[in-house]
Amino acid sequence: METLEEEVDRIAAETGFSGAVRVDAGAELVLAKAYGLAHRGLEVPNTVETQFGLASGAKGLTALVVVGLIDDGLFDLTTPARALLGDDLPLIGDGVTIE
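Everything numeric in this text was worked out from a predicted model, so none of it was measured.

Parameters at a glance
Each chain carries its own residue numbering, running from 1 in the direction its sequence is written. Given that the model is predicted, a residue must reach a pLDDT of at least 70 before its local features are reported, and side-chain atom pairs must reach 80 or more before they are shown or counted; all residues, however, enter totals for whole chains, interfaces and linings. Side-chain numbers come from the whole structure's heavy atoms, not from hydrogens or water. As used in this record, nonpolar core signifies buried Ala, Val, Leu, Ile, Met, Phe, Trp, Tyr and Cys residues forming a set joined through side-chain atoms within 4.5 Å. Buried residues are those whose accessible area, probed at 1.4 Å on protein chains only, stays under 20% of the maximum for their type, while exposed residues exceed 50% and partly exposed ones sit between those limits. The way it works is that DSSP assigns letters per residue, a run of H or I at least four long becomes a helix, a run of E at least two long becomes a strand, and they are numbered from the N terminus. Patch definition: residues with relative accessible area over 30% and no salt bridge; like charges joined within 9 Å; nonpolar side chains (Val, Leu, Ile, Met, Phe, Trp, Tyr) joined within 5 Å. Using a 1.4 Å probe, accessible areas were evaluated by the Shrake-Rupley method; residue-level cover was limited to the displayed protein chains. Salt bridges are defined as contacts in which a side-chain nitrogen from Lys or Arg sits within 4 Å of a carboxyl oxygen from Asp or Glu. By this rule the span expected of a helix is its residue count minus one, scaled by 1.5 Å. In this description, contact between two residues means that some pair of their heavy atoms is separated by no more than 4.5 Å. Centres within 6.5 Å are what make two rings of Phe, Tyr or Trp a pair, Trp counting through its six-membered ring; a difference in plane orientation under 30 degrees is then read as stacked, over 60 as edge-to-face, and the rest as tilted. Polar contacts, as used here, are pairs of N or O atoms within 3.5 Å; protein pairs need one atom able to donate a hydrogen and one able to accept it. Residues neighboring in sequence count only if both atoms are side-chain atoms.

**Some remarks on the nonpolar core**
Line of reasoning, step 1. Residues V8, A12, V21, L31 and Y35 constitute the largest nonpolar core, which totals 5 residues.
Line of reasoning, step 2. Where this core is concerned, the elements lending two or more residues are helix 1 (4–15) and strand 2 (28–35).

Structure follows, in structure tokens:
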């Protein structure tokens, strides 16, 4: 049976993955490993500290997580965003909902 690291290494090699993988279980760091190049032209390798420019790339993942939390019953489309944001992002109005 493959260890987690061996399985991630295998998948990264098979797919040509370039990026970083981090797996935590509670407060325990289970795996942190980087693959590929951060800058192909200069052949700079990725590290686990590499900061990736995602721009709008995370919007889909955010939507997926929010829908999952709604499905789990933790909140619904009418939940005010302010209830989740607390004092963060003060320019978002109190009437804005998850929907």
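**Comments concerning a nonpolar patch on the surface**
Line of reasoning, step 1. A contiguous nonpolar surface patch, about 230 Å² in accessible area, is contributed by L89, I92 and V96.
Line of reasoning, step 2. Structurally, I92 can be placed in the segment after helix 3 (81–85).

**Some thoughts on helix 2 (residues 59–71)**
Line of reasoning, step 1. With 13 residues, helix 2 ought to run about 18 Å at 1.5 Å a step, and its terminal C-alpha atoms sit 18 Å apart, in line with that.
Line of reasoning, step 2. One or two positions beyond helix 2, positive phi appears at G73, with a value near 80 degrees.

**Observations concerning the pattern of salt bridges**
One side chain can pair with another of opposite charge once the charged atoms of both are near each other.
Line of reasoning, step 1. With the rule as written, the count across this model stands at 6 salt bridges.
Line of reasoning, step 2. For E2, the salt bridge identified is with R10, shortest N-O distance 3.0 Å.
Line of reasoning, step 3. Given the relative accessible area of 36%, E2 is considered partly exposed.
Line of reasoning, step 4. When its relative accessible area of 33% is taken as the criterion, R10 is described as partly exposed.

**Thoughts on the environment of E5**
Line of reasoning, step 1. Along the chain, E5 falls in helix 1.
Line of reasoning, step 2. Among the residues examined, E5 registers a relative accessible area of 38% and is labelled partly exposed.
Line of reasoning, step 3. Here the alpha-carbon distance between E5 and V30, two residues 25 residues apart in the chain, equals 9.1 Å.
Line of reasoning, step 4. Contact partners of E5, with chain neighbours within four places excluded, come to L31 and K33.

**Considerations on the side chain of T79**
Line of reasoning, step 1. Considering the arrangement of structural elements, one finds T79 in the loop between helix 2 and helix 3.
Line of reasoning, step 2. With residues near it in sequence (within four places) discarded, T79 still touches L84, V96, T97 and I98.

**Describing the packing of aromatic side chains**
Line of reasoning, step 1. On inspection of all chains with the given rule, the structure shows 1 aromatic pair.
Line of reasoning, step 2. Plain terms: the ring middles of F17 and Y35 are 6.0 Å apart, the flat faces sit at 65 degrees to each other, and that makes the pair edge-to-face. Separated by 18 residues along the polypeptide, F17 in the loop between helix 1 and strand 1 (19–25) and Y35 in strand 2 bring together distant segments of the chain.
Line of reasoning, step 3. Judged by its relative accessible area of 34%, F17 is partly exposed.

**Remarks on the environment of Y35**
Line of reasoning, step 1. Its relative accessible area of 12% is what places Y35 among the buried residues.
Line of reasoning, step 2. With 11 residues separating them in the primary sequence, Y35 and N46 have C-alpha atoms 6.0 Å apart.
Line of reasoning, step 3. In this structure, Y35 is in contact with V8, D9, A12, F17, S18, G19, V21 and N46, ignoring residues within four places of it in sequence.
Line of reasoning, step 4. A polar contact is formed between the side chain of Y35 and the side chain of D9, at a distance of 2.6 Å.

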